[in-house]
Amino acid sequence: MGTCVQTGASSCDWYHGTWKHLRLLDLVSTPSWHAPFFRSSIAEVGAGRDDLRVLISGSADYAMYELVYSQLADSAKVTVIDLCPTPLLGTAAYAERVEAAAPELLVGDAIDHRRPSFYDIIVSDSFLPRFSTDELRKLLAAWCAPLSPKGITLTTVRLPGTKLDSRPERTERLDRWIQIANDARTWWPDMSDLPFEELARRISAFVANQERNTALNPARLRSLFVEAGFQRPTITTRSYRDREFALVEARKVPA
């Protein structure tokens, strides 16, 4: 991609440079998978408002911004924060393409982003399992602090989480993903100019590098959110494409 902040072995190009290709193959989750959940909660908070402030905390690409904009258009001021500029550049390009008001784009750590009682809505998708338990506590506290008194935090979590993916699980996933890519050979050149050999290499790197750092389930999520200062959150589970997800809606405990 050329815009990832890290270099060498620590580069996140394995993630951002591959994500859009995996989306074409329908191998990775996207906020659109849970659009009814996000849209209904956003609509509830945004009803009759034209001054909303929305934080997108962590972003693989522009997909969450696209969903937020489709629901609120320019009635909200949107901020997007990520450690890497790559997804922010994609978000900026999408906003320009649909002639949306320019979102605020911040390169930084979501754990350190705090604006007291500033945001009405904080949204994120499939973000929490990437953090250690200690980091999760800090992140959720950082989500709670800038939330307005009537604001809401919305996020999704893939279930079940595992501490670290086992080697057999990774091998099975890699074999399955390569087979799916092979099945796409006939139409792939019409969708991307990435050579298939490079696609296969990128899929291998993605599977090798991607990790779930914390085991999460609804009870554990509820405990962490309450500890961070949220009211007892509403957590529902749903199956989608043979995968289990928790959908979390959390409000701030009144001062």
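The structure this text deals with has already been given above.
On a predicted model such as this, the values are computed, not experimentally measured, just so you know.

Cut-offs and rules
Residues numbered from 1 in each chain as written. Predicted model: local features only at pLDDT ≥ 70, side-chain atom pairs only at ≥ 80, totals over all residues. Heavy atoms only, no water. Salt bridge = Lys/Arg side-chain N within 4 Å of Asp/Glu carboxyl O. Helix = DSSP H or I, 4+ residues; strand = E, 2+ residues; numbered from the N terminus. Buried < 20%, exposed > 50% of the residue type's maximum accessible area, 1.4 Å probe, protein only. Pairing = 2+ DSSP bridges. Axes fitted to C-alpha atoms, helices over the stretch in contact; angles between N-to-C directions. Contact = heavy atoms within 4.5 Å. Parallel < 35°, antiparallel > 145°, perpendicular 65-115°, else oblique. Left-handed = near helix turned anticlockwise from the far one by under 90°. Nonpolar A, V, L, I, M, F, W, Y, C, P; charged D, E, K, R; others polar. Polar contact = N/O pair within 3.5 Å; in protein donor to acceptor, adjacent residues only side chain to side chain.

(A) Looking closely at the pattern of salt bridges. Across all of its chains, the model carries 13 salt bridges by this definition. One salt bridge in this structure joins Asp13 and Arg202, with 2.8 Å as the shortest N-O distance. Within this pair, whereas Asp13 is found in helix 1 (residues 13-24), its partner Arg202 is found in helix 8 (residues 196-209), the two being separated by 189 residues in sequence. Each member of the pair, Asp13 as well as Arg202, carries the same accessibility label: buried. For Arg49, the salt bridge identified is with Asp120, shortest N-O distance 3.3 Å.

(B) Region of the structure containing the sheet that holds strand 3 (residues 104-107). Read from one edge to the other, the open sheet built from seven strands follows the order 3-2-1-4-5-7-6, with strand pairing classed as mixed. Of all the strands in the sheet, just strand 3 and strand 6 (234-240) have a single pairing partner and so form its edges. Neighbouring strand axes in the sheet, compared pairwise and without regard to direction, differ in orientation by 15° on average. On top of the sheet, helix 2 (residues 35-46) reaches strand 1 (52-57), strand 4 (119-123), strand 5 (147-159) and strand 7 (243-251); it is set at about 180° to strand 5, its chief contact.

(C) Main features of the packing of helix 1 against helix 8. As a packed pair, helix 1 and helix 8 sit with axes 9 Å apart at the nearest point and diverge in direction by 120°. As summarised for this structure, helix 1 and helix 8 are arranged oblique, according to the angle between their axes. As for the relative orientation of helix 1 and helix 8, their crossing is left-handed in sense. Across the interface between the two elements, Asp13, Trp14, Tyr15, Gly17, Thr18, Trp19, His21 and Leu22 from helix 1 touch Leu199, Arg202, Ile203, Ala205, Phe206 and Asn209 from helix 8. In the contact of helix 1 with helix 8, the residues fall into eight nonpolar, four polar and two charged.

(D) Region of interest: the side chain of Asp13. For Asp13, a relative accessible area of 18% translates into the label buried. A polar atom in the side chain of Asp13 sits 2.8 Å from the side chain of Arg202.

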